[in-house]
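Structure assessment
Residue-level listing of the chains:
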Amino acid sequence: MIELPDFAPLKTTETVRALTRASLDALDHVLVVVGKNAPAGGLEKLPHGKPLAVLLARATRRGDVIATSRAPNRRATGITAARFEASTAFTALSWGAKVVRECVRDQPSSLGVTFLGLDAEAERRAIDGLLAAAHAAAFALPKFKSKPDSPAANSLKKLHLLGARTKVDLAAARAQALGNNVARWFTALPPNVKTAEHYRTAIAELAAARDIRYRFYGERELEKLGAGAFLAVSRGNATRDAGIVHLSYRPRMRRPAVTLVGKGVIFDTGGTNLKPFIHMLDMHTDMQGSAVALGTLLALADTGAPYRVDAWLALTENRLAPNAYKSQDLVRAANGTTIQVIHTDAEGRMVLADTLALAARDEPQLIIDYATLTGSCIQAVTERYSGVFSNRSAANALLTAAGAASGERVWPFPMDDDFDEALKSDIADIKQCSTENAGDHILAARFLSRFVPAATPWIHVDLSAGQHKGGLGHIPTDITGFGVRFTLELLQGSSRGPDDLAERLSA
Ligand SMILES: [Zn+2]
């Protein structure tokens, strides 16, 4: 069984009182955020500010924005001064990651943050970046070492905002971080630890702690539902534990509002069309879509979202096995669509086909799906952006804006009907994919659209930014958990919930 950690271990507080000598003495580390409008000599007036001002001036001449020193008190409190000039959410998050990395170098347990010369908007942005980065840095991804790391990483336990003029929604920042940490933690688990059975048991435990309804459709039930596309992939597994998890969060409402769907391929060997070693190496992360859907649902539940949220997670491996599916197999999905199999490594769209079809039966107002789906999406936008697609053309501007506002940046791709010519089949309703690789991310989205009713607004996120060497934005680890923050912005920042969003998408 999987033992679950505290997914949001960092405690945060906010006080109106600014930094004093006494509060400095009570902290392991203090960060002074210096804005463009910092008064001349402002830093010098802070406790131990004079040497720090000299260091920061020197750093600035070097082109850096950070300087660190130590107070001459008994605790030898570390003090960092950092200039803040970020103009976008993404640069604020990246700034946050850089500053937090500097502040936790000596493994402090407590960090105080104070502000000097920031206008309200800059202060809000700086706090957003710092909180997100601190929550991410304070959380450890799974490790299985006999002896713990020394010096201990992820030491930070408490962050105190001192004298900010903004009233910060600390609970919302915590929920968002929890969602991201959940997504990263499960994605990082080794594939033999994260079996479909263990993964879903852990999901059930997280759901039960929040009064979220949990239901599991195993292979036998999926057979009755005619989910041949999912079963074509799961057939090659050595064990019979694959299936689709359905979670529902129900705050006194009848109609499902937003439904999140996630690809949960626990290990992708490519199947019969086997991947070469280097492309298979990290394929335990091919379930990140399901983990992002799960993390988003938990974050929405923790913030008490006033609308229904469902999640449908497709959990299986894609294995090389005597009875595994193969090219030219004929498969029938749960909505009756017949599929000509081309390439067994295009398993993500197969398992999503049935999962989308089942999710759509409840007639949600909006479906959002997440999948580490195609290499061609990475070719197109690199691992810094994720690709987005929708069956509503009005979505593109909204999605791009939510990406920019959240700092989890997305880029929309075309969804015109004529792309379907590449998926025309002589023997079935549709080909699984083209034999050419060009635009595979677009063809995958076109394929998936066949399993979402035209009446249902739908957004598809191809998680090309799910993994980025050295981290991305506020995230310090290669696995980014990309998508939770973006979706929360889409549902709670850029719109007033799924109702409003669905209406705008259809405008
Ligand atoms: Zn694959």
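Residues numbered from 1 in each chain as written. Predicted model: local features only at pLDDT ≥ 70, side-chain atom pairs only at ≥ 80, totals over all residues.

**Re the overall build of the chain**
Looking only at helices and strands, one finds 16 helices and 17 strands in the chain. Taken against the 2.2 N^0.38 rule, which gives 23 Å for 507 residues, the C-alpha radius of gyration of the chain at 24 Å falls within 12% of a compact globule. Its C-alpha atoms put the chain at 80 × 55 × 45 Å along the principal axes. Within the chain, the proportion of its 507 residues that are buried is 55%. Taking the contacts inside the chain whose residues are at least 6 apart along the sequence as the reference set, 79% of them involve residues at least 24 apart. (Helix = DSSP H or I, 4+ residues; strand = E, 2+ residues; numbered from the N terminus. Rg over C-alpha atoms; globule rule 2.2 N^0.38 Å. Buried ≥ 20, exposed ≤ 12 C-beta atoms within 10 Å, placed from the backbone. Contact = placed C-beta atoms within 7 Å.)

**Structural notes on the domain arrangement of the chain**
Per the domain assignment, the segments making up the chain are domain 1 (11-168) and domain 2 (175-225 + 236-324 + 342-418 + 434-505). One C-alpha centre belongs to domain 1, the other to domain 2, and the line joining them spans 34 Å. At the interface, 18 residues of domain 1 touch 18 residues of domain 2. For the side of domain 1 that touches domain 2, the secondary-structure elements that each account for two or more residues are helix H3 (89-103) and helix H4 (120-137). In terms of residues, the side of domain 1 that touches domain 2 owes the most to one element, H3, which gives eight residues. (Domains from an automatic or database assignment.)

**Section: the sheet that holds strand S4 (residues 78-83)**
An order of S1-S6-S5-S2-S4-S3 is seen for the six strands of this open sheet, with the pairing classed as mixed. If you trace the sheet from one side to the other, it starts and ends with strand S1 (11-15) and strand S3 (66-70), each paired once. Neighbour-to-neighbour, the strand axes of this sheet turn through a mean angle of 20 degrees, independent of strand direction. Of the strand pairs in this sheet, strand S2 (residues 29-34) and S4 are connected by six bridges, and their pairing is parallel. Along S4, the bridge assignment pairs Leu-31 with Thr-80. Each of S3 and S4 is contacted by helix H2 (residues 49-62), which is oriented at about 150 degrees to S3, the strand it contacts most. (Pairing = 2+ DSSP bridges. Axes fitted to C-alpha atoms, helices over the stretch in contact; angles between N-to-C directions.)

**Description of the environment of Arg-213**
Structurally, Arg-213 can be placed in strand S7 (residues 213-218). Through-space distance from the C-alpha of Arg-213 to that of Val-32 is 45 Å; in sequence the pair is 181 residues apart. Residue contacts for Arg-213: discarding those within four places in its chain leaves Leu-247, Ser-248 and Arg-250.

**Some points on the sheet that holds strand S8 (residues 243-249)**
Strands sit in the order S7-S8-S10-S9-S13-S17-S14-S15 across an open sheet of eight strands; the sheet is mixed. The sheet is open, and its two edges are formed by S7 and strand S15 (410-412), each paired on a single side. Taken pair by pair, the neighbouring strands of this sheet meet at an average axis angle of 20 degrees, ignoring direction. For S7 and S8, the ladder comprises six bridges, and the chain directions are antiparallel. Looking at the pairing, Tyr-214 lines up with Leu-247 of S8.

**A look at helix H15 (residues 484-493)**
With eight of 10 residues buried, H15 is to be regarded as a mostly interior element. Restricting attention to buried positions, one finds in H15 the residues Val-484, Arg-485, Phe-486, Thr-487, Leu-488, Glu-489, Leu-490 and Leu-491.

**Digging into the pairing of S8**
Here is the key point about a regular strand: its side chains alternate between the two faces of the sheet. Most of S8 sits inside the fold, with five of its seven residues counted as buried. Bridge count for S8 against strand S10 (residues 309-318) is seven bridges, and the pairing is antiparallel. Considered in S10, the bridge of Val-245 is made with Leu-313.

**Observations regarding the nonpolar core**
Burial of nonpolar side chains together is a common tendency in soluble globular proteins. Membership of the largest hydrophobic core comes to 173 residues, with the highest contact counts inside it found for Val-33, Leu-43, Ala-134, Ala-229, Phe-230, Leu-297 and Leu-356. A total of 10 residues in this core trace back to one element, the largest contributor, which is H4. Of the residues that make up this core, three or more belong to each of domain 1 (11-168) and domain 2 (175-225 + 236-324 + 342-418 + 434-505). Setting aside its immediate chain neighbours within four residues, Val-33 contacts Ala-82, Phe-84, Val-113, Phe-115, Leu-116, Leu-118 and Ala-126. (Core = buried A, V, L, I, M, F, W, Y, C linked by C-beta atoms within 7 Å.)

**Things to note about the packing of helix H13 (residues 395-406) against H15**
Contact pair H13 / H15: the axes reach a minimum separation of 9 Å and the direction vectors enclose 115 degrees. One finds that H13 runs roughly perpendicular with respect to H15. Judged by the twist between their axes, the crossing of H13 over H15 is right-handed. Note on element contacts: H15 touches H13 through Arg-485, Phe-486, Glu-489, Leu-490 and Gly-493, opposite Ala-402, Gly-403, Ala-405 and Ser-406. Split by residue class, the contact of H13 with H15 holds four nonpolar, three polar and two charged. (Parallel < 35°, antiparallel > 145°, perpendicular 65-115°, else oblique. Left-handed = near helix turned anticlockwise from the far one by under 90°. Nonpolar A, V, L, I, M, F, W, Y, C, P; charged D, E, K, R; others polar.)

**Quick notes on the environment of Ile-367**
Looking at where Ile-367 falls in the secondary structure, it is placed in strand S13 (residues 366-371). In this structure the C-alpha to C-alpha distance between Ile-367 and Leu-260, which are 107 residues apart in sequence, comes to 5.9 Å. In this view, Ile-367 contacts Thr-259, Val-261, Leu-356, Ala-359, Ala-360, Val-452, Thr-456 and Trp-458; residues no more than four positions away in its chain are not counted.

**Structural notes on the pairing of S13**
Within S13, six of the six residues are buried, which leaves the element mostly enclosed by the surrounding structure. On S13, burial covers both faces: Leu-366, Ile-368 and Tyr-370 on one face and Ile-367, Asp-369 and Ala-371 on the other are all buried. Inspection of the sheet shows strand S9 (residues 258-268) paired to S13 by five bridges, in the parallel sense. Paired with Gly-262 across the strands is Tyr-370, a residue of S13. One ladder, built from five bridges, connects S13 with strand S17 (residues 458-462); its direction is parallel.

**Considering unusual backbone geometry**
For residues that are not glycine, phi is negative in most cases, and the peptide bond is trans in most cases. We note that Glu-363 has phi near 50 degrees; this positive angle belongs to a residue other than glycine. The residue Glu-363 is located in the loop between helix H11 (347-360) and S13 in this model. Its identity as a non-glycine residue notwithstanding, Thr-382 has a phi of 65 degrees, on the positive side. Residue placement: Thr-382 occurs in the loop between helix H12 (375-381) and strand S14 (386-390). Residue classification places Thr-382 among the exposed positions, given that 11 C-beta atoms sit within 10 Å.

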